[in-house]
Amino acid sequence: MKMQAPAWFRLSGRWAVIPMMLIVAGCASTPGGDPRDPWESYNRSMSKFNDAVDDAVMKPVATAYKTVLPTPVRTGVGNFFGNLSDVWSFVNNVLQGKAEGSLHSFWRVVINTSIGIGGIFDPATEMRLERHREDFGQTLGRWGAPPGPYLVLPILGPSTFRDSVALPVDFYGQPLGHTDNIRLRNSLTALGAVDVRARLLDVGNILDAAALDPYTFKREAFLQKRRNDVYDGNPPGDEERYDLEEGEPGAAKAPAASASQAQ
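Presented here is an overview of the structure given in this document. (Residues numbered from 1 in each chain as written. Predicted model: local features only at pLDDT ≥ 70, side-chain atom pairs only at ≥ 80, totals over all residues. Heavy atoms only, no water.)

1. Some thoughts on the pairing of strand 1 (residues 150-153)
- Because side chains alternate across strand 1, one face comprises the buried residues Tyr150 and Val152, and the other comprises Leu151 and Leu153, equally buried.
- In this structure, strand 1 lies alongside strand 2 (residues 157-160), joined through four bridges in antiparallel fashion. Directly across from tyrosine 150, in strand 2, lies its bridge partner threonine 160.
- Hairpin geometry of strand 1 and strand 2 is characterised by an intervening segment of three residues between the two adjacent antiparallel strands and by a positive phi of about 70° at isoleucine 155. (Buried < 20%, exposed > 50% of the residue type's maximum accessible area, 1.4 Å probe, protein only. Helix = DSSP H or I, 4+ residues; strand = E, 2+ residues; numbered from the N terminus. Pairing = 2+ DSSP bridges.)

2. Thoughts on helix 8 (residues 182-199)
- Its 18 residues give helix 8 an end-to-end C-alpha distance of 26 Å, which sits within 8% of 26 Å, the value for a rise of 1.5 Å per residue.
- The set of residues buried in helix 8 consists of Arg185, Leu188, Gly192, Val194, Asp195, Arg197 and Ala198.
- One side-chain oxygen of the residue at the start of helix 8 lies 3.2 Å from the amide nitrogen of arginine 183, identifying that residue as asparagine 181. (Expected span 1.5 Å × (residues − 1). Polar contact = N/O pair within 3.5 Å; in protein donor to acceptor, adjacent residues only side chain to side chain.)

3. What about the environment of serine 114?
- Structurally, serine 114 can be placed in helix 4 (residues 99-114).
- By relative accessible area, serine 114 is classed as partly exposed at 48%.
- A distance of 3.3 Å separates the side chain of serine 114 from the backbone oxygen of isoleucine 111, its partner in a polar contact.

4. Examining the pattern of salt bridges
- As enumerated under the stated definition, the model contains 23 salt bridges in all.
- Linking glutamate 220 and arginine 36 is a salt bridge whose minimum nitrogen-to-oxygen distance equals 2.7 Å. Here glutamate 220 is found in helix 10 (residues 214-230), whereas its partner arginine 36 is found in the loop between helix 1 (7-27) and helix 2 (40-68), with 184 residues between them in sequence.
- A residue is classified by how much of its surface remains accessible, and arginine 36, at 25% relative accessible area, is partly exposed.
- Across the pair lysine 225 and aspartate 229 runs a salt bridge, and its minimum N-O distance is 2.8 Å. A residue pair is termed a helical-turn pair when its members lie 3 or 4 positions apart in one helix, as lysine 225 and aspartate 229 do in helix 10 at four residues.
- A residue is classified by how much of its surface remains accessible, and lysine 225, at 48% relative accessible area, is partly exposed.
- Through salt bridges with shared partners, a single ionic network connects Asp34, Arg36, Asp37, Glu40, Arg44, Asp213, Arg219 and Glu220. (Salt bridge = Lys/Arg side-chain N within 4 Å of Asp/Glu carboxyl O.)

5. Some remarks on helix 10
- For helix 10, spanning 17 residues, the distance from its first C-alpha to its last is 24 Å, which sits close to the expected 24 Å at 1.5 Å a residue.
- Looking at helix 10, one finds that the buried residues are Tyr215, Arg219, Glu220, Phe222, Leu223, Arg226, Asp229 and Val230.
- On its buried face, helix 10 sits against helix 2, helix 6 (136-142), strand 1, strand 2 and helix 7 (161-173).
- After helix 10 finishes, the residue aspartate 232 shows a positive phi value of roughly 55°. (Contact = heavy atoms within 4.5 Å.)

6. Notes on the nonpolar core
- Among the nonpolar cores identified, the biggest contains 10 residues, and these are Ala62, Tyr65, Val77, Phe81, Leu84, Leu176, Leu188, Val194, Ala198 and Leu201.
- If you list the elements that add at least two residues to this core, you get helix 2, helix 3 (71-95) and helix 8.
- If we ignore the near neighbours within four places in the chain, the residues touching valine 77 are Tyr65, Leu191 and Asp195.
- Formed by seven residues, the second largest nonpolar core is a distinct cluster that contains Tyr42, Met46, Tyr150 and Phe222. (Core = buried A, V, L, I, M, F, W, Y, C linked by side-chain atoms within 4.5 Å.)

7. Observations concerning the packing of helix 2 against helix 8
- Axis separation between helix 2 and helix 8 bottoms out at 8 Å; the angle between their running directions is 80°. Of the possible angle classes, the one that applies to helix 2 and helix 8 is roughly perpendicular. For the pair helix 2 and helix 8, the contacting residues are Asp54, Met58, Lys59, Val61, Ala62, Tyr65 and Lys66 in the first and Leu191, Ala193, Val194, Asp195, Arg197 and Ala198 in the second.
- Here the residues of the contact of helix 2 with helix 8 sort into eight nonpolar, no polar and five charged. (Axes fitted to C-alpha atoms, helices over the stretch in contact; angles between N-to-C directions. Parallel < 35°, antiparallel > 145°, perpendicular 65-115°, else oblique. Nonpolar A, V, L, I, M, F, W, Y, C, P; charged D, E, K, R; others polar.)

8. Structural notes on the side chain of threonine 160
- Along the chain, threonine 160 turns up in strand 2.
- A polar side-chain atom of threonine 160 sits 3.4 Å from the main-chain carbonyl oxygen of proline 147.
- When neighbours within four sequence positions are excluded, threonine 160 is seen to be in contact with Pro147, Gly148, Pro149, Tyr150, Leu151, Phe222 and Leu223.

Written out as structure tokens, the structure is:
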């Protein structure tokens, strides 16, 4: 009799291929100037690919979504997916030992699922129950795992090696990952992605217009955000940065001159 691996293992295994592919691609890349981004050549190429896909598919669909659906409907869609994310946030808050975050996430799910009609409405926020977003990448960071090199994933965008390794766990932990109806699961996943992209339309246009180098700007913004996410907005002392000009805050100090040079 042929034995099959559990469904969650087969599903996670497919997602686990992504970090391994990135390792192979990254090892073949030329190291960049920023030690946090040793695979900059590969990352820039993948960013251009993602931008092309976004311009051709995601941005037009998100624009149509925002144009066609009225604001109350889009708000309900966002609330629904936010309620689903609170379930996994509760688990990660527990794993990180965050009592307040765990309690808030738990009661948000209970209240919004019941009173909020499946999460379409968000009465929990009106009750001052804050949303504490947590994922397994943050949990690993809280446990002491370093972020590792900066990576740009196909379609998914900016990430780090740590967050890429956490992807299979995050996918399996989300309620949608346990939906047996594949068509429904894929439809909801696509709807969630379009809803997120629609909310970022204006922000994306501003960033692209303001940044001289959009790639570097997005990388710095992402790494800073993830660092703040792990430490709840209170990261330890800033590390020295080698991508900044001397004299800028956080820039690495120049080596002291020798006695012969000083004379």
